[in-house]
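# Fold and contact review
Given next are the chains, with one letter for each unit.
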Amino acid sequence: QVQLVESGGGLVQAGGSLRLSCSASGLTFGLYNMGWFRQAPGKEREFVACISWNNGNTEYVDSVKGRFTISRDNAKKTVYLQMNSLKPEDTAVYYCAADRSYMVVRGTGNGMDYWGKGTLVTVSS
């Protein structure tokens, strides 16, 4: 059974930092592209960042470029999202996702192979 378990969310003041982790089990982690998505109250799910399985290529939504960094540790089967200079508009539930297709991970998330249950990030002003 595949599981993606996020951790690291919480309440932080604007300008602060958080590091999200997503621990995977039940899949060959090294063969999966990994992504982070978020969904704010009343809004649609949004792509945040992704990292490829083979060459570590990364992409980010424009609103987080220069502030967030995605990385992975295949030995630990874990993907991370380092979030710096947080803003109130970053408040959302953050979801980890995995798919064999890079285009799926890079896209809207529709058709994603696996999702975590999410971790809440709240940024106060």
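This report concerns the structure included in the present document. (Residues numbered from 1 in each chain as written. Predicted model: local features only at pLDDT ≥ 70, side-chain atom pairs only at ≥ 80, totals over all residues. Heavy atoms only, no water.)

Below, the discussion takes up the overall build of the protein chain. A tally of helices and strands in the protein chain yields one helix and eleven strands. Element order for the protein chain, N to C, with α for helix and β for strand: β-β-β-β-β-β-β-β-β-α-β-β. A compact globule built from 125 residues would reach a C-alpha radius of gyration of about 14 Å, and the protein chain, at 13 Å, matches this within 12%. Taken along its principal axes, the extent of the C-alpha atoms in the protein chain is 40 × 25 × 25 Å. By residue count, 42% of the 125 residues in the protein chain fall in the buried class. Expressed as a percentage of contacts within the protein chain between residues at least 6 apart in sequence, the contacts between residues at least 24 apart total 59%. For the protein chain, the accessible area works out to roughly 6300 Å², and carbon and sulfur atoms hold 47% of it. Both charge centroids of the protein chain, one from 13 positive and one from 10 negative side chains, sit 4 Å from each other. (Helix = DSSP H or I, 4+ residues; strand = E, 2+ residues; numbered from the N terminus. Rg over C-alpha atoms; globule rule 2.2 N^0.38 Å. Buried < 20%, exposed > 50% of the residue type's maximum accessible area, 1.4 Å probe, protein only. Contact = heavy atoms within 4.5 Å. Areas by Shrake-Rupley, 256 points an atom, 1.4 Å probe, with all protein chains shown as cover. Lys, Arg positive; Asp, Glu negative; His and termini not counted. Charge placed at Lys NZ, Arg CZ, Asp CG, Glu CD.)

Further remarks concern the state of the cysteines. Taken as a whole, this structure holds one disulfide when the rule is applied. The residue that forms a disulfide with C22 is C96, at a sulfur-sulfur distance of 2.1 Å. Measuring handedness by torsion sign, the sulfur bridge of C22 and C96 sits at about -75° and is left-handed. Residue C22 is found in strand β3 (residues 18-25), and its partner C96 is found in strand β9 (residues 92-99); the two are separated by 74 residues along the sequence. We note that C22, like C96, is buried. (Disulfide = S-S within 2.5 Å.)

Okay, the pairing of strand β7 (residues 68-73) next. A one-sided burial pattern is seen for β7, the buried positions being F68, I70 and R72 and the unburied ones T69, S71 and D73. In terms of strand pairing, β7 meets strand β8 (residues 78-83) through six bridges, oriented antiparallel. Paired with I70 across the bridge in β8 is L81. As consecutive antiparallel partners, β7 and β8 are separated by four residues, and within that stretch K77 has a phi angle of approximately 55°, a positive value. (Pairing = 2+ DSSP bridges.)

Residues other than glycine seldom take positive phi values, yet K77 does so here, at roughly 55°. Of note in the backbone geometry, S85 takes a positive phi value of approximately 50° without being a glycine.

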